[in-house]
Amino acid sequence: EVLVSTASAPTNIAVVKYWGKRDTKLNLPINSSLSVTLHQEDLQTITSVAIGKDFEGGDRVWLNGKEETDLASNKRMQGVFSAIRERAGDVVDEASGEVLVPSAELKTYKIHVVSRNSFPTAAGLASSASGYACLVKALSQVFRVKEAHEGELTEIARAGSGSASRSLYGGYVKWEMGTRDDGVDSRAYQVKPEEHWPNMHALICVVSDHKKTTSSTGGMIDSVRTSELLKFRAENVVPARMKAMEEAIAAKDFPAFAELTMRDSNQFHATCLDTYPPIAYMTDTSHNVSRLVHAINNESSSGPICAYTFDAGPNAVIFLEEDHVEKVLKALLADFGPDSAESSEPFVRGQTTLP
Ligand code: DP6
């Protein structure tokens, strides 16, 4: 017998960044983080999983049309597979309640995964987040996994990629760093659903869709090893910032949300530059976008109306409330759009709205 399941998962953008691990095997972070889930069809992963007793060649995975040739040495993927198999439930006939496949047998089924992203991989749009979140969703469905406690699936996704823990929920999501060595308290929780702040929007500005030069995983290892600023940030800045960010979101206080978001992005990139040798994710265009956002905000008498954030790549995500979308998009396109002087690379590829 073959069982199949398909899931989709969105990407997310951190407004308090995860950077640095205390355990690289389980992806346990040195600080908590908070993100906004980007609910847009062209920014997601879609994953289909088929499992069966008699699949030849064991477990197999195809990512964006290409088979993973060395799956056995992909520790993250293997970790997700075994965490899911461990928790497999019985396959039960819904009408009669009869057990069709007992969990002990289901665990032995081989896994075939086909996964596709709707956006450029490794361009700094955190595709590993939607990728692992989606894998965990699809596998947990097909293996009949029920969470033993809230957020258990986010722990499994986290071991695949840290930021993936936050992509299992919509809206505003925090990932508590936890303190335990086994990671059981390092889980994600929804802070507020999307509908809480219905006029919040995000503009995705693709400065470059080239593959990033330093992976998050490698960058974090170097930063933890060499940056004094990173340690200071994790211990002395992030705890209060998490609290302030949660309060800003609860109160829908856009100026507070905007300042915290921009300061956090800036500090994350400062820790990258403080890494030795330094890591530079932002390009000249990224810095020009930042300057434009500050110029727009300086004209406003009621505090910032838009906020940038940059992940481990040059692309900008700009948060703003609906009333300001037209004006800000126009300014961005004037400076960086197809007809501008800086148009050598693609820019403002898409506009996404929340929800
Ligand atoms: C800058 O989650 O990609 O986007 O855990 O090694 O897979 P791994 O790293 P990853 O790092 C994301 C870093 C970030 C900030 C964030 O999303 O919080």
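Remember, predicted model here, so these are calculated numbers, not experimental data.

So, how was this worked out
- Residues numbered from 1 in each chain as written.
- Predicted model: local features only at pLDDT ≥ 70, side-chain atom pairs only at ≥ 80, totals over all residues.
- Helix = DSSP H or I, 4+ residues; strand = E, 2+ residues; numbered from the N terminus.
- Buried ≥ 20, exposed ≤ 12 C-beta atoms within 10 Å, placed from the backbone.
- Contact = placed C-beta atoms within 7 Å.
- Pairing = 2+ DSSP bridges.
- Core = buried A, V, L, I, M, F, W, Y, C linked by C-beta atoms within 7 Å.
- Axes fitted to C-alpha atoms, helices over the stretch in contact; angles between N-to-C directions.

1. Some details on the overall build of the chain
When helices and strands are counted, the chain shows nine helices and 16 strands. Seen along its three principal axes, the alpha-carbon backbone of the chain occupies a region of about 65 × 40 × 40 Å. Out of the 355 residues in the chain, the part that is buried amounts to 45%. When contacts within the chain are restricted to residue pairs at least 6 apart in sequence, long-range pairs at least 24 apart make up 72% of them.

2. Considerations on unusual backbone geometry
Negative phi values dominate among residues other than glycine, just as trans dominates among peptide bonds. Here the amide bond leading from tyrosine 276 into proline 277 is cis, since omega sits at -5°, within 30 degrees of zero. Here the phi dihedral of asparagine 27 falls at roughly 55°; this positive angle occurs in a residue that is not glycine. Counting through the fold element by element, asparagine 27 comes out in the loop between β2 (21-23) and β3 (28-29). The phi torsion at asparagine 64 lies on the positive side, around 50°, for a residue other than glycine.

3. Let's talk about the pairing of strand β15 (residues 316-321)
The buried count for β15 comes to five of six residues, which makes it a mostly enclosed element. Both strand β13 (residues 200-205) and β15 contribute to a ladder of six bridges, which runs antiparallel. The residue of β15 that forms the bridge with alanine 202 is phenylalanine 319. When strand β14 (residues 306-310) meets β15, the two strands line up antiparallel, connected through five bridges.

4. Some details on the pairing of strand β1 (residues 2-16)
Sheet topology places β1 next to strand β5 (residues 44-52); nine bridges connect them, and they run antiparallel. Each bridged residue has a counterpart across the sheet, and for proline 10 the counterpart in β5 is glutamine 44. Here β1 pairs with strand β4 (residues 33-38) via five bridges, running antiparallel. Residue pairing across strands places isoleucine 13 opposite valine 36, the latter belonging to β4.

5. Overview of the nonpolar core
Formed by 89 residues in total, the largest nonpolar core has its most connected members in Val80, Ala133, Val136, Cys205, Ile318 and Phe319. When residues of this core are assigned to their parent elements, the largest contribution, nine residues, is made by helix α3 (residues 127-142).

6. Re the sheet that holds strand β10 (residues 110-117)
Spatially, the eight strands line up as an open sheet ordered β7-β6-β10-β5-β1-β4-β11-β12, and their pairing is mixed. Of all strands in the sheet, those with a lone pairing partner are β7 (66-67) and β12 (188-192), marking the two edges. When strand β6 (residues 60-63) meets β10, the two strands line up parallel, connected through four bridges. The residue of β10 that forms the bridge with tryptophan 62 is valine 114. Where α3 meets the sheet, it contacts β1, β5 and β10, and its direction lies at approximately 145° from that of β1. Contacts from helix α6 (residues 228-250) reach β1, β4, β11 (172-175) and β12 within the one sheet, and its direction differs from that of β1 by about 105°.

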